[in-house]
Amino acid sequence: METQALTASFTVIPNRHPASAEERWIAMENPVFGKVFTDHMARATWRDGEGWADRRIVALSPLPMHPGAAVLHYAQQAFEGLKAYRHEDGSIWLFRPEANAARLAASCRRMALPEVSEQDFLAAIEGVIAADQNWVPGTPGASLYLRPFVIATEPSLLVQPAHEVDFLVTASPVGAYLSTEGDGVAIWVSRGYHRANPGGTGEAKTAGNYAASMLPQREAKEHGCQQVLFLDAKEDTYVEELGGMNVIAVRADGGIVTPRLTGTILPGVTRDSILTLLRDEGREVEERDLALTEILEGLESGAIVELFACGTAAVVTPIARLVSDDFDVAVPSREGESVADAVLARLTDLQYGRAEDPHGWMRKVVDAPEG
Ligand SMILES: Cc1ncc(COP(=O)(O)O)c(C=O)c1O
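Residues numbered from 1 in each chain as written. Predicted model: local features only at pLDDT ≥ 70, side-chain atom pairs only at ≥ 80, totals over all residues. Heavy atoms only, no water.

Q: What am I meant to see in the packing of helix H4 (residues 97–110) against helix H5 (residues 118–131) here?
A: For any two helices packed against each other, the geometry is given by the interaxial angle and the distance between the axes. Two elements in contact, H4 and H5, have axes whose closest approach is 9 Å; the angle formed by their N-to-C orientations is 125°. In terms of axis orientation, H4 runs oblique to H5. The handedness of the crossing between H4 and H5 is right-handed. Residue-level contacts link Pro-97, Glu-98, Asn-100, Ala-101 and Leu-104 of H4 to Glu-118, Phe-121 and Leu-122 of H5. Tallied by class, the residues present in the contact of H4 with H5 amount to 5 nonpolar, 1 polar and 2 charged. (Axes fitted to C-alpha atoms, helices over the stretch in contact; angles between N-to-C directions. Helix = DSSP H or I, 4+ residues; strand = E, 2+ residues; numbered from the N terminus. Parallel < 35°, antiparallel > 145°, perpendicular 65-115°, else oblique. Left-handed = near helix turned anticlockwise from the far one by under 90°. Contact = heavy atoms within 4.5 Å. Nonpolar A, V, L, I, M, F, W, Y, C, P; charged D, E, K, R; others polar.)

Q: What's the story with helix H7 (residues 269–280) in this structure? I'm lost.
A: In an α-helix, one turn spans 3.6 residues; hence positions three or four apart end up facing the same way. When the terminal C-alpha atoms of H7 are compared, their 16 Å separation across 12 residues agrees well with the 16 Å that a helix rising 1.5 Å per residue should span. The element H7 is largely enclosed, with a buried count of 9 among its 12 residues. Residues Val-269, Thr-270, Arg-271, Ser-273, Ile-274, Leu-275, Thr-276, Leu-277 and Leu-278 constitute the buried set of H7. Downstream of H7 by one or two residues, Gly-282 has phi in the positive range, about 90°. (Expected span 1.5 Å × (residues − 1). Buried < 20%, exposed > 50% of the residue type's maximum accessible area, 1.4 Å probe, protein only.)

Q: I tried to follow the site of the ligand on my own but got confused; where do I start?
A: Around the ligand, the surrounding shell holds 17 residues, and the nearest of these are Lys-205, Tyr-210, Glu-241, Thr-270 and Thr-312. Side-chain polar atom of Thr-270 to an oxygen atom of the ligand: 2.5 Å apart, as the coordinates give it. In isolation the ligand offers 380 Å² of accessible surface; the protein chains occlude 96% of this area. Within the residue set of the shell around the ligand, elements represented by two or more residues are strand S11 (239–242), H7 and strand S15 (304–311). Each residue belonging to the shell around the ligand can be placed in one class, and the counts come to 6 nonpolar, 7 polar and 4 charged. (Near = heavy atom within 4 Å. Polar contact = N/O pair within 3.5 Å; in protein donor to acceptor, adjacent residues only side chain to side chain. Areas by Shrake-Rupley, 256 points an atom, 1.4 Å probe, with all protein chains shown as cover.)

What follows is the structure in structure tokens.
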């Protein structure tokens, strides 16, 4: 099987003290997102002039790191997030992992890090899943969240691309990401802060973008909101994305509008998948500049009937309110007829193997147990 050929490039050194079945069961019962980790991680090391080596699946453990490691000072790193899903027959699948591999490679290029090949990316992830398959939940809506990341480990305070780099993958069983009480989440529209600027690192998945979003995220919480919506830095006019999700609007005529990928927005795999599914339905999908005023006026006039956020962690999350210093606008609830609910069902049916996979997005990692 292709999977075995790939994982064979990562030497497996099993964890000699894995969690007991009971410890695992307790840890997986109601995991807080990203707080529970499985028994293993993947790791490979890169040195300038030598390339990638020491590919291994090992026990999850702290990383011994020199305090001068470049990543700790200059955030030279890139990361990914994707999930493994257990189907009803017990088999385990990934959703479009090649897209995450391509995005990590693009992020690495932007961060002057060595690229991880698609083959190594898949082998590392599939190696961790194979080693920790008991950690993949089988409960509705739950999954195994995989966190591949590339970090500059070279001890050097010089501001220059590192000569020593590690690639790692950890895994965490997860349930729902955001708690949506009632009709959806309240979103704080950040006016003073921006997430990304032209020529910066906005379209890379890299630590600094998230560090910059912490303070506005705190501001959002102080205003009773769960997430931040950022506007473009140049004109402070156009909607870009949330701190960790893309945003999609639904027009009254059923058409879809979402900010185009300008270089300052993360190209979400969920965004792309949803746009594809909505185009499949015959809906008109516009990827273009979308001004905040167009949304606010559209909500008031009824030209825009729905807003939702999308991403791997939270999948599809309806937006119920948009809040800022000078407005607090409710997004009408469309119980039973919302595009968000319908597309969430289509996507998760596909991911959990309950529906056909017309685009060939699912990749099997572990077969169903026999018998
Ligand atoms: C800033 C940002 N935007 C959008 C997304 C959604 O991307 P994806 O659908 O690939 O998870 C994420 C999550 O990865 C993100 O961090």
